[in-house]
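# Examining the three-dimensional arrangement
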Amino acid sequence: MTQDREQRQGDEPCAGLEVYRVGGAVRDALLGWPVKDTDWVVVGATPEAMRQRGFRPVGRDFPVFLHPETHEEYALARTERKSGHGYTGFVVQASPEVTLEEDLARRDLTINAMAESLDGALVDPFDGRRDLDDRLLRHVSPAFVEDPLRVLRTARFLARYAGLGFRIAEPTQALMRQLADSGELDHLVAERVWVETEKALGEPEPRHYFDALAACGALERLMPALNEAGGDTLERALVRMTRLPEALSGSPCWRWGRLVEALSAPARKALEERLKLPNDYRDAGHQLASTRQLASSLAQDGDRSAPLIAMDWLDGIDAWRRGERVAPLLAVLALRRPGDAERLALGYRTALALSPRDLLDEGFKGAALGQELRHRRLAVLEDAWR
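Throughout what follows, the structure given in this document is the object of discussion. Every value quoted in this text rests on a predicted model; they were computed, and no experiment measured them. (Residues numbered from 1 in each chain as written. Predicted model: local features only at pLDDT ≥ 70, side-chain atom pairs only at ≥ 80, totals over all residues. Heavy atoms only, no water.)

## Topic: helix H2 (residues 24-31)
- All buried positions along H2 are accounted for by Ala 25, Val 26, Arg 27, Asp 28 and Leu 31.
- Of the surrounding secondary structure, the elements contacted by the buried residues of H2 are strand E1 (18-22), strand E8 (115-117), strand E9 (122-123), helix H5 (128-133) and helix H6 (149-161).
- Once H2 ends, the next one or two residues include Gly 32, with phi positive near 75°. (Buried < 20%, exposed > 50% of the residue type's maximum accessible area, 1.4 Å probe, protein only. Helix = DSSP H or I, 4+ residues; strand = E, 2+ residues; numbered from the N terminus. Contact = heavy atoms within 4.5 Å.)

## Some thoughts on the pattern of salt bridges
- For the structure on display, the rule yields 32 salt bridges.
- With a shortest N-O distance of 3.0 Å, Glu 203 and Arg 160 are connected by a salt bridge. Of the two residues, Glu 203 sits in the loop between helix H8 (190-201) and helix H9 (207-216) while Arg 160 sits in helix H6, which places them 43 residues apart along the sequence. For the pair formed by Glu 203 and Arg 160, the shared burial category is buried. (Salt bridge = Lys/Arg side-chain N within 4 Å of Asp/Glu carboxyl O.)

## A few points about the pairing of strand E2 (residues 39-43)
- Burial analysis of E2 places four of its five residues in the buried class, which makes it a mostly covered element.
- Pairing of E1 with E2, which is carried by five bridges, proceeds in the antiparallel orientation. Within E2, the residue paired with Arg 21 across the bridge is Trp 40.
- Where E2 and strand E5 (residues 73-76) come together, four bridges link them in parallel fashion. Within the sheet, the bridge partner assigned to Asp 39 lies in E5 and is Glu 73. (Pairing = 2+ DSSP bridges.)

## Looking at unusual backbone geometry
- Look at His 71: it is not a glycine, yet its phi comes out positive at around 65°.
- The exposure class of His 71 is exposed, given its relative accessible area of 53%.
- Phi is positive for Lys 276, close to 55°, though the residue is something other than glycine.
- One can find Lys 276 in the loop between helix H14 (265-275) and helix H15 (279-316).

Written as C-alpha cells, this is what we have:
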C-alpha cells in the first residue's frame, strides 16, 4: 500500500481534503489478505466542494462520490440514527461537522472500524487492530442491534476468516441472538438476505455462515426449510456442501445445490421463493436433487434396472438439449457411485451420437420417431451396463 499512498498524496482532486482509507481495505491489508476494493471517507467537506473538484455524486441515501480518475468511492463522513425497522430504517446526517471517529462508530465490527490517513497513520478508536491480532469478531457498540443485516454480515465474515482462527465474541453472539429474537430479521427483504448468503457461499468456509446463523436463531427465521430437513440434518448438509468435485469446488451455485439437495421438493421450492433465488441456483438444487435420487435408485435397484433409471434421469435433466449439465452432475454422482457414473457417461456419449435425421431417413415420423429414438438410446445404455 506504500506506492498507492504516495500516489494518493499527490492526487490533485484530493489535494487539501482530509481523506482516510477505511473499512475492509485497512482490515485486509493488516491481515495480509488480498485487498479488492478501497473505500475512502472525507472529513470536513461539503457535496458542493466535492463536485467542484470533479467528483461525481452517486449516493442516493447519503453523499457518495466517484473519484474523477480512479472511480473509487469517496463518502462524506456521516452518522446514522435509527428511525424504523430493518436495515434501511435510519436517518443519515452527513455534514462537515461529523468527525472521523463518529463515522467509524456507526460501523458493525471493530475490525471494520479502522481508518488510515494518507501518511499511513492508523486511526483505531475501537481497538480493531487488537481484535485482528486476537482473531475476534466484536461489535463496535450496542448500536449493533439497530441493523438486523449485521447478523448476516458477521456470519459472513466468520465464513471468510474462520480458517485464520477467527471467532465471534460472546457479547456479539448475544446481540445476534437478541436481534433474532426481536423480530427485526423479519424486516429484511429477501433480496438483501440472498446477497449476503451468496457472498458467504463464495467464502473459503461457507459452512460457518450457516452455523453462526443457526447458533443465534437467525437461520430458523430466515431459512426455516434448512431447519426442517426431514431425515437430513443441517450438519450433514453442511458437510455435503463442501464435498464437490475439484472442477466445481468453490462454486457458490454448486455449494448451494449440495446444501439443499436432500430437501423435499416442496421445502426446496418454498426456500427458493422465500429467498427469490436466481434461476441458476434453483436449477442447481433441482438437478442435484435428481442426481441424489439417481444414486439412491441405482443403489437399491441394481444393474438390471440401471439403464431405465439412467434414461429417466437424462430425460429429467433435459440432457439431450442441455448437454452442458451432464458432466458436472456425473462428477457429483461419481463421489458416491464412480462405476455407475463411468457407465452412464459412456452410454450418454454413445446415445448422443444417435441422429434423429437418420431415423427420418428410415421412415420414422412424428410420435413414432420419438419412441424409436428413446428405444435406441435405452439400448445403448443397456450395453453400457453389460
